[in-house]
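# Fold and contact review
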Amino acid sequence: MSRIGVFVCHCGTNIASVVDPDRLTPAAREMPGVVYAADYRYMCSEPGQQMIKDSISEHGIDRIVIASCSPRMHETTFRKMLKGTSINPYMLEIANIREQCSWVHADKGRATEKAIGLVRMAVSKVSKNEPLYAQSIPITKRALVIGGGIAGIQAALDIADAGHEVVLLEREPSIGGKMAMLDKTFPTLDCSACISTPKMVDVGAHPNIRLMTYCEVESVSGYIGSFEVAIRQKARYVNHDICTGCGLCETKCPVKVDSEFNLGLSKRPAIYKLFPQAVPSKPVIDSESCRMLKDGKCGICAKLCPLGCIDYKDEARTVTESFGAIIMATGYQLVDWAAMYGEYGGGRYRDIISGLQFERTVNAAGPTEGHILRPSDGREPETVVIVKCVGSRDPKKGKSYCSRACCMYAAKHAHQILEKLPGSRVFIFYIDVRTPGKGYEEFYDQTRMDGAVYVRGRISKIYEEDGGLVCQGEDSLLGSQVRVRADMVILETAMEPSQGIEGLTSMLGAARDANNWIQEAHPKLRPVETQVGGVFLAGTCQGPKDIPDTVSQASAAAAKVIGLLNKSEMETSPMISAVERDKCSGCGACVGICPYKAITLQEIDDRLGAKRIKREVASVNSGLCQGCGACTAACRTGALDLLGFRNGQILEEVDALCL
Amino acid sequence: MSDRQEKMRQSAEKLLRDGEVGYVIGWGATRFCDRTTPVFIDSPEGAASLVWNEHAVNSLAKYLLDDKYPDKKIGLFARGCESRAVNRMIKDNQVKRESLYLIGVPCDGKSSDRCRLCRERNPLVYDVLLWEPEANAAPADRFERVRGVEAMSPDERYRYWGGVYDRCIRCYACRNACPVCSCRECYVDMGRTGFQGKQHSRSDNQIFGVTRAFHVGDRCIECGECERACPMGLPIMGQTQKMLKEINELSGEYECGLDADSDSFLGRFDLDDKDEFM
Ligand SMILES: Cc1cc2nc3c(=O)[nH]c(=O)nc-3n(C[C@H](O)[C@H](O)[C@H](O)COP(=O)(O)OP(=O)(O)OC[C@H]3O[C@@H](n4cnc5c(N)ncnc54)[C@H](O)[C@@H]3O)c2cc1C
Ligand code: SF4
């Protein structure tokens, strides 16, 4: 017979003001197997914990129930407490009488009844608990950061500074991401390159960071502490081991194609660096436009290169590397507005540009050397219309979410135009202006002071007339139609997850939310983790955000990784699935159902009468299993059971409630 | 008919004489002219007792589960229904294709009521085909009966299934006949599952019915062996078919055992699974 102790917490008045401890505690005392019950103001406090420990030795208690807040809050606290006692940390159940009772009910009498029910269930369950023991798995002390935008850069630097090896993987030829494309950054208007390029250089020079640019993740296996990642190095056709980045090769290349970095506003050769400050500062050949690679005719760059770096026979290679932790920092892209907005000309009018194209235009290192000129005829615009929320906050058309950075960079763009083109006029069409950040509201005020005209309403149509663009929409504050004749229009378009996110997240087993952003493990309490142990999140791959938030999140993710890599091995949760091999027929229903690919079939030796046979049974990998229990529901014969949540324990709870 | 029967006998005899298989599973005569019985022929001479007539109604594949680790190959006469069962068993990792010799016998439709619903008369997998494939007869409406039950009001439906399960004697003949029931130990035989009592009562019988439907519903090959085996004549394939109909409506055309590669509907997890109920 078990000897159960029940400890009821008041949580100050959080619980006690609704649930009556003077009724609950005596009721608990009468429950089967309970030898001791007590209540206290704050169970989680030092004296509260001491009281529990003392009672355990005094009353020979062998398992406990704590009636308190959600187990997500303090289950670990109380498990840690039990480590110092005679009881196994898993001989504990939490009855949640706060979030699931006192906080959600007003009727004190009935809430107390319910709390008694919840405690009765926990008492029944704990009577079936068994000691569980954590296993430990070794940790490979090296991290992989996927995506070399500012999020990935910051995370890599933080981890490397803490003394751990990092591989920073970027699929483009250079790191830098969107921040490298920006001109100035709100709210302080410091030059984006001046603050990001030094970081890029640090990454390139850091002894603990290995840069793998122009690379893609091909497959991921393993689990927290020991991931195996196959990385595909795309063919560069330039030997980076000897290349000094002199740039001679780029000068005579006969090919001219749209520059990705300048978003089609200028051309680049087939052998190119993404931008002048690229890291690594060495070129690659774009095999789709190179004449030598396409038709076998040309070879000029090879003739020019003084060091003989050019190798037209270069091939993609795949290497497999081990990592203890992975940070996802794959960022965002802007929606393809032209495909979505036929009413804005669907991309036909050259003087309608995206916010990011404007960043390139206004940037001194950009195609117009920082002069704000409209693409069609290279004239300075006199009137500019800025349209916000293009594709954002519009469930019918684009995305229902807010892209968060656009309100601020729209203000920035207006400010830049008014500053660089004295006498110009800027109209900003908006739904709301959102400025929740330090110094943001002030920045917005300043822009209005500069003379930007804010018009509340969406633009319903843009068409060309006499060499200008007529923007037609509604001023919803005045309730009237408005028309503005503009020389240039800037669309502040919605962010969406980077292309390829689906494949990457499925390889890792990480979930995505309704909008395809990578899902965090808990929106409030575990914002930089995913549900997959050892896989963390940084930056806009988790949802739209600006640079300050991106960098904070990157450092937070790095802190998590550093914490993990500081250990040489880690304990895995013992609350995982276990197989009763005798019952398992090896049907494999669990293999396909496991979201974490934790189950494989394993051959075992067995006996059938006098005959020796080999048969397959399910086998659970304790590093991968997250204890979700999906397999235990799929297993028809019940050969799989979840330790800590065995079917028997759950039925015991149900019985306690219903019988 | 006798020509085909002769071909079957000859083929079994040869397989046994050549030592290709350990035994052949087929149909044999009984005392009753309108019945056959499954037979296990282990000598070339025995092949002469094989029969093929309209009363060869039992689906033979289930017997493969009695001998999952045979020393020699097992010869099995396979029609559409046997072959679909074999596909499912291979996918469920219960039998190995290499340990079977499938003698394909296109079916001309047997006397059983369930053959009315047959959608595949010809074996989908075989080692040898004894005669030309048969044209598939247009089957009766696949989900006609399910629709009938769906049309009832909840009360009527409860009365209907309650009535069915009042008569169930829990003999588990349906389980024993089902080719996709392949657990090493069936939950109904366990001492204390905690949710399924041994007593004969409407609620316990119904729990058995519902559980059975969930255990096999997404892998049911609609061979109708459960209903054929049921001594009380209960319409229990209606339950697995209800599952199949739901799956069809949720995710498009779905039929089991057509190949040995397809996952069962409830046996796979996909990040893109529909989850509008969440
Ligand atoms: C027009 C505009 C102006 C802005 N102005 C400001 C501003 O003034 N101030 C401010 O705070 N914020 C501003 N922002 C927001 C800012 O751009 C973002 O907050 C920030 O760049 C996000 O960084 P990131 O690292 O998360 O993503 P990104 O910069 O998108 O970096 C992601 C990186 O990952 C790489 N990648 C993607 N997928 C893979 C893959 N599968 N494998 C390998 N690599 C991959 C990409 O190539 C990229 O290099 C602006 C945004 C826009 C659109
Ligand atoms: S409990 Fe969940 S994670 Fe663990 S093996 Fe089962 S399905 Fe996979």
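Everything quoted here is computed from the prediction, not taken from an experiment.

Calculation criteria
Residues numbered from 1 in each chain as written. Chains lettered and ligands numbered in written order. Predicted model: local features only at pLDDT ≥ 70, side-chain atom pairs only at ≥ 80, totals over all residues. Heavy atoms only, no water. Near = heavy atom within 4 Å. Nonpolar A, V, L, I, M, F, W, Y, C, P; charged D, E, K, R; others polar. Domains from an automatic or database assignment. Contact = heavy atoms within 4.5 Å. Buried area = accessible area lost by both parts, 1.4 Å probe. Salt bridge = Lys/Arg side-chain N within 4 Å of Asp/Glu carboxyl O. Polar contact = N/O pair within 3.5 Å; in protein donor to acceptor, adjacent residues only side chain to side chain. Areas by Shrake-Rupley, 256 points an atom, 1.4 Å probe, with all protein chains shown as cover. Helix = DSSP H or I, 4+ residues; strand = E, 2+ residues; numbered from the N terminus. Pairing = 2+ DSSP bridges. Axes fitted to C-alpha atoms, helices over the stretch in contact; angles between N-to-C directions. Disulfide = S-S within 2.5 Å. Buried < 20%, exposed > 50% of the residue type's maximum accessible area, 1.4 Å probe, protein only. Parallel < 35°, antiparallel > 145°, perpendicular 65-115°, else oblique. Left-handed = near helix turned anticlockwise from the far one by under 90°. 1 Å grid on protein atoms, 1.4 Å probe; cavity = no way out; pocket = protein on both sides within 12 Å on 5 of 7 lines; lining within 4 Å. Points joined across faces, edges and corners; volume = space filled by probe spheres on them. Patch = residues over 30% accessible without salt bridge, like charges linked within 9 Å, V, L, I, M, F, W, Y side chains within 5 Å.

We now examine the site of ligand 2. Around ligand 2, the neighbouring residues are Ser 577, Cys 594, Tyr 596, Ile 599, Cys 625, Gln 626, Gly 627, Cys 628, Gly 629, Ala 630 and Cys 631 of chain A. Looking at the shell around ligand 2 residue by residue, the class counts come to seven nonpolar, four polar and no charged.

Right, let's talk about the domain arrangement of chain B for a bit. Residue and element names in this part refer to chain B. Examined at the domain level, chain B breaks down into domain 1 (7-129) and domain 2 (144-267). Placing the centre of domain 1 and that of domain 2 at their C-alpha centroids yields a distance of 25 Å. Between domain 1 and domain 2, the contact holds 20 residues from the first and 28 residues from the second. Together domain 1 and domain 2 conceal approximately 1,900 Å² of surface at their shared face, both sides included; 48% is due to carbon and sulfur atoms. Residue Arg 114 pairs with Glu 225 through a salt bridge whose shortest N-O separation is 3.1 Å. Run the count over domain 1 and domain 2 and you get 14 residue pairs in polar contact (both at pLDDT 80 or more). Taken together, the residues of the side of domain 1 that touches domain 2 sort by class into eight nonpolar, five polar and seven charged.

We now examine the site of ligand 1. Residue and element names in this part refer to chain A. Around ligand 1, 36 residues are found, and the nearest of them are Glu 170, Lys 412, Thr 540, Lys 545 and Ile 547. Here Lys 412 contributes a side-chain N or O atom positioned 2.6 Å from an oxygen atom of ligand 1. Lys 545 places a main-chain nitrogen or oxygen 2.7 Å from an oxygen atom of ligand 1. Bound to the protein, ligand 1 loses 97% of the 1,000 Å² it would expose on its own. Counting only elements with at least two residues in the shell around ligand 1, the list comes to helix 6 (150-161), strand 7 (165-170), strand 8 (184-185), strand 19 (332-334), helix 12 (355-362), helix 13 (406-420) and helix 16 (547-565). Considered class by class, the residues forming the shell around ligand 1 number 15 nonpolar, twelve polar and nine charged. For the shell around ligand 1, the domains that each give at least three residues are domain 2 (142-329 + 501-565) and domain 3 (332-496).

All right, on to the sheet that holds strand 25 (residues 468-475) of chain A then. Residue and element names in this part refer to chain A. Here we have three strands laid out as an open sheet, ordered 24-25-26, and antiparallel in their pairing. Since the sheet does not close on itself, it has two edges, and those belong to strand 24 (459-465) and strand 26 (480-486), each with one partner. In this sheet, neighbouring strand axes are inclined to one another by 20° on average, regardless of whether the strands run parallel or antiparallel. Alignment of strand 25 against strand 26, held across seven bridges, turns out to be antiparallel. When the bridges of strand 26 are listed, Glu 474 appears paired with Gln 481.

All names here are of chain A. Here we have five strands laid out as an open sheet, ordered 10-7-6-18-29, and parallel in their pairing. With one partner strand each, in any of the chains shown, strand 10 (209-213) and strand 29 (535-537) form the two edges of the open sheet. Ignoring strand direction, the axes of neighbouring strands in this sheet form an average angle of 20°. Two elements, strand 6 (residues 142-146) and strand 18 (residues 325-328), share four bridges in a ladder whose sense is parallel. Opposite Leu 144, over in strand 18, you have Ile 326 as the bridge partner. Packing of helix 15 (residues 501-508) onto the sheet brings it into contact with strand 6, strand 18 and strand 29, and relative to strand 18 it is tilted by some 160°.

Here the focus is the domain arrangement of chain A. Residue and element names in this part refer to chain A. Its domain assignment divides chain A into domain 1 (4-126), domain 2 (142-329 + 501-565), domain 3 (332-496) and domain 4 (577-643). The interface of domain 2 with domain 4 comprises nine residues on the first partner and seven residues on the second. The largest per-residue losses of area from domain 2 upon contact with domain 4 belong to Tyr 223, Gly 509 and Gln 531, which jointly make up 62% of the total buried on that side. Seen at the junction of domain 2 and domain 4, the total is zero salt bridges. There are one residue pair in polar contact (both at pLDDT 80 or more) connecting domain 2 and domain 4. When contributions to the side of domain 2 that touches domain 4 are tallied by element, the ones reaching two or more residues are strand 11 (215-223) and helix 15. Looking at the side of domain 2 that touches domain 4, its residues break down into four nonpolar, five polar and no charged.

Before going further, it helps to examine the pairing of strand 2 (residues 36-41) of chain B. All names here are of chain B. Here strand 1 (residues 21-29) pairs with strand 2 via six bridges, running antiparallel. The residue bridging Val 24 from the neighbouring strand is Ile 41, located in strand 2. Counted along the chain from strand 1 to the antiparallel partner strand 2, the turn is six residues long.

Applying the stated criterion across every chain yields a total of one disulfide over all chains. The disulfide bridge from Cys 191 of chain A ends at Cys 194 of chain A, spanning 2.2 Å between sulfur atoms. Disulfide Cys 191 of chain A-Cys 194 of chain A: torsion about the S-S bond near 95°, hence right-handed. In this structure Cys 191 of chain A comes out as partly exposed when scored by relative accessible area, which is 26%. There is no disulfide at Cys 33 of chain B, and the cysteine sulfur nearest it, in Cys 115 of chain B, is 18 Å away.

The next thing to look at is the packing of helix 6 (residues 202-216) of chain B against helix 8 (residues 237-251) of chain B. Residues and elements named next belong to chain B. The N-to-C vectors of helix 6 and helix 8 enclose an angle of 45°; their axes lie 9 Å apart at closest approach. One finds that helix 6 runs oblique with respect to helix 8. As for how helix 6 packs across helix 8, the hand of that crossing is right-handed. Where helix 6 approaches helix 8, its residues Gly 209, Arg 212, Ala 213, Phe 214 and Val 216 are matched on the opposing element by Gln 239, Thr 240 and Met 243. Its residues assigned to classes, the contact of helix 6 with helix 8 shows four nonpolar, three polar and one charged.

According to the stated counting rule, one finds ten cavities of 30 Å³ or more in the structure shown. Around the largest cavity, the lining comprises 23 residues; the ones closest to its centre are Cys 81, Arg 114, Cys 118, Arg 119 and Glu 222 of chain B. If you list the elements that add at least two residues to the lining of the largest cavity, you get helix 2 (80-91) and helix 8 of chain B. Among the elements that make up the lining of the largest cavity, the one with the highest residue count is helix 2 of chain B (three residues). For the lining of the largest cavity, the class distribution of residues is eleven nonpolar, three polar and nine charged. Among the domains, domain 1 (7-129) and domain 2 (144-267) of chain B are the pair contributing at least three residues each to the lining of the largest cavity. Here the second largest cavity is characterised by a volume of approximately 160 Å³. Taken together, 18 residues line the second largest cavity, and the ones lying closest to its centre are Ser 585, Cys 587, Gly 588, Cys 635 and Thr 637 of chain A. Of the residues belonging to the lining of the second largest cavity, the class tally is eleven nonpolar, five polar and two charged.

Further remarks concern the interface of chain B and chain A. Listed as interface residues are 24 residues of chain B and, on the opposing side, 27 residues of chain A. Taken together, the two surfaces of chain B and chain A that pack against each other cover about 2,000 Å², and 52% of this comes from carbon and sulfur. In this structure, the connection of chain B to chain A is made through two salt bridges. Residue Asp 606 of chain A is joined to Arg 184 of chain B by a salt bridge in which the shortest nitrogen-to-oxygen separation is 3.8 Å. Remark: the boundary between chain B and chain A carries eight residue pairs in polar contact (both at pLDDT 80 or more). Class assignment for the residues of the side of chain B that touches chain A results in nine nonpolar, seven polar and eight charged.

Before going further, it helps to examine a nonpolar patch on the surface. Residues and elements named next belong to chain A. On the surface, a nonpolar cluster with roughly 230 Å² of combined accessible area is contributed by Phe 645, Ile 650 and Val 654. Here Ile 650 lies in helix 19 (residues 647-658). Using a relative accessible area of 35% as the deciding quantity, one classes Ile 650 as partly exposed.

Here the structure, examined in full by the defined rule, presents 59 salt bridges over all chains. Residues Arg 434 of chain A and Asp 432 of chain A are paired through a salt bridge, measuring 3.8 Å at the closest nitrogen-oxygen approach. Here Arg 434 of chain A falls in the partly exposed class, since its relative accessible area comes to 33%. Taking the shortest distance from any N to any O, the salt bridge between Glu 246 of chain B and Lys 242 of chain B comes out at 2.7 Å. Note that Glu 246 of chain B and Lys 242 of chain B are positioned in helix 8 at a spacing of four residues, about one turn of the helix. Among the residues examined, Glu 246 of chain B registers a relative accessible area of 39% and is labelled partly exposed. Accessibility expressed as a relative area gives 31% for Lys 242 of chain B, which makes it partly exposed. Connected through shared salt-bridge partners, Arg 84, Arg 119, Arg 142, Glu 222, Glu 253 and Glu 255 of chain B make up one network.

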